[in-house]
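Chain by chain, the residues run as shown.
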Amino acid sequence: MNPEKKIIPIKEETSEKGAESPKAALSAPGFVIKYGLILLGVAFFLVFLSYLSHIQQGNQQQLAELQKNQTIFSVSAMQSIESLQQENADLKDDLEKAKGTADRTGDALSAALAELSQLRDQLAATQDELAQSEKAAQSAATVAKDKTVALEYLWRLERLVSTKRYTKARALIEEMQGLGLVALLSDAEMPNLEPEGVTPAEEFARIVEVLS
């Protein structure tokens, strides 16, 4: 008796259990998402590189601007330093000139003060001379006045003698002696005195001798 044979259908074998075909794999949703993520990452990377390049260019521009500003600042600083040095030199020159002017002014002031002191001394001496001259003039005026009074007494005495009023003449002589007028009678000739050629002192002595 022959055993009964069963026909078993043969299935297609796959290379791996559960593996899909390449077409099915490419059409799978997971692959699309992965591919999109990769593209997005590449795009972000490119954008990041562009951003870095832009930053680098900006930094270079800023660096160039800073270097330019630094150069300008250095030139300006050097010019300012040179200007300050020139101003300092000018100030020193002005100071030296002012010092020289002050020295000359001080010397001139000292000379002026010395001259002023001399002028003060001269003024004081002149004032003393004027005071002495005024005093001498006053004294001379007093003496001249007293001499005039003495001459007036002498003329009165002559009139008394000429009219023979001897008593009054003697009293007038005593009065003249008491007033000190006799000493003021000049020993010089008087142009209007009689007799001519006789001095007042001689005339008085002659009258006293006549009355004695």
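Residues numbered from 1 in each chain as written. Predicted model: local features only at pLDDT ≥ 70, side-chain atom pairs only at ≥ 80, totals over all residues. Heavy atoms only, no water.

A. Looking closely at the overall build of the protein chain. Each helix and strand in the protein chain was counted, giving 4 helices and 0 strands. The burial tally for the protein chain puts 10% of its 212 residues in the buried class. Entry remark: accessible area of the protein chain is about 18,100 Å², with carbon and sulfur atoms responsible for 59%. (Helix = DSSP H or I, 4+ residues; strand = E, 2+ residues; numbered from the N terminus. Buried < 20%, exposed > 50% of the residue type's maximum accessible area, 1.4 Å probe, protein only. Areas by Shrake-Rupley, 256 points an atom, 1.4 Å probe, with all protein chains shown as cover.)

B. Structural context of the packing of aromatic side chains. Scanning all chains against the criterion turns up 0 aromatic pairs. Directly above the ring of tyrosine 153 sits arginine 156, whose terminal nitrogen or CZ lies 4.9 Å from the centroid. (Phe/Tyr/Trp six-rings, centres within 6.5 Å; stacked < 30°, edge-to-face > 60°. Lys NZ or Arg CZ within 6 Å of the ring centre and 35° of its normal.)

C. Summary view of unusual backbone geometry. The backbone of lysine 164 sits at a positive phi, close to 60°, despite the residue not being glycine. Assignment of secondary structure puts lysine 164 in the loop between helix H2 (29-162) and helix H3 (166-179).

D. Summary view of the confidence of the model for the protein chain. In the predicted model, the protein chain carries a mean pLDDT of 79, and 81% of its residues have values of at least 70. Summarising per-element confidence for the protein chain, the mean pLDDT is lowest in helix H1 (residues 22-26) (52) and highest in H3 (90). Counting interchain partners and residues more than four positions distant, the pLDDT-below-50 stretch residues 10-20 has 1 contact. (pLDDT = per-residue confidence, 0-100. Contact = heavy atoms within 4.5 Å.)

E. Quick peek at a negative patch on the surface. Together, Glu87, Asp90, Asp93, Asp94 and Glu96 make up a region of like negative charge exposed at the surface. Summarising the element assignment, glutamate 96 is placed in helix H2. What makes glutamate 96 exposed here is its relative accessible area of 54%. (Patch = residues over 30% accessible without salt bridge, like charges linked within 9 Å, V, L, I, M, F, W, Y side chains within 5 Å. Salt bridge = Lys/Arg side-chain N within 4 Å of Asp/Glu carboxyl O. Lys, Arg positive; Asp, Glu negative; His and termini not counted. Charge placed at Lys NZ, Arg CZ, Asp CG, Glu CD.)

F. Just H3, in detail. The terminal C-alpha atoms of H3, which comprises 14 residues, lie 20 Å apart, in line with the 20 Å expected from a rise of 1.5 Å per residue. Among the residues of H3, Ala169, Leu172, Ile173 and Met176 are the ones counted as buried. Taken end-on, H3 shows its buried residues confined to a sector of 105°, consistent with a single buried face. Among the exposed residues of H3, those oriented more than 90 degrees off its buried face are Thr167, Lys168, Glu174 and Gly178. Where H3 ends, the next residue or the one after it, glycine 180, has phi of about 75°, a positive value. (Expected span 1.5 Å × (residues − 1). Arc of directions from axis to C-beta.)

G. Here's a closer look at the pattern of salt bridges. A full pass over the atoms with the stated rule returns 1 salt bridge. Note that arginine 206 and glutamate 203 form a salt bridge whose closest N and O atoms lie 2.5 Å from each other. On the criterion of helical spacing, the pair formed by arginine 206 and glutamate 203 is a turn pair, its members being 3 residues apart in helix H4 (residues 200-211). The class for arginine 206 is partly exposed, based on a relative accessible area of 41%. Since its relative accessible area comes to 1%, glutamate 203 is described here as buried.

H. Molecular detail of a nonpolar patch on the surface. On the surface, Ile38, Val42, Phe45, Leu46, Phe48, Leu49, Tyr51 and Leu52 cluster together into a nonpolar patch covering about 780 Å² of accessible area. You can see tyrosine 51 is positioned in helix H2. On the accessibility criterion, tyrosine 51 (49% relative accessible area) is partly exposed.

I. Region of the structure containing the nonpolar core. Formed by 16 residues in total, the largest nonpolar core has its most connected members in Leu157, Leu185, Phe204 and Ile207. Dropping the residues within four chain positions of it, leucine 157 is found in contact with Ala169, Leu172, Ile173, Phe204 and Ile207. (Core = buried A, V, L, I, M, F, W, Y, C linked by side-chain atoms within 4.5 Å.)

J. Representation of the packing of H3 against H4 in the model. Two numbers describe how H3 lies on H4: the axes approach to 11 Å, and their chain directions differ by 130°. It follows that H3 is oblique to H4 by the angle criterion. For H3 against H4, the interelement crossing comes out left-handed. Within the contact between the two elements, H3 uses Tyr166, Ala169, Arg170, Ile173 and Met176 and H4 uses Phe204, Ile207, Val208 and Leu211. (Axes fitted to C-alpha atoms, helices over the stretch in contact; angles between N-to-C directions. Parallel < 35°, antiparallel > 145°, perpendicular 65-115°, else oblique. Left-handed = near helix turned anticlockwise from the far one by under 90°.)

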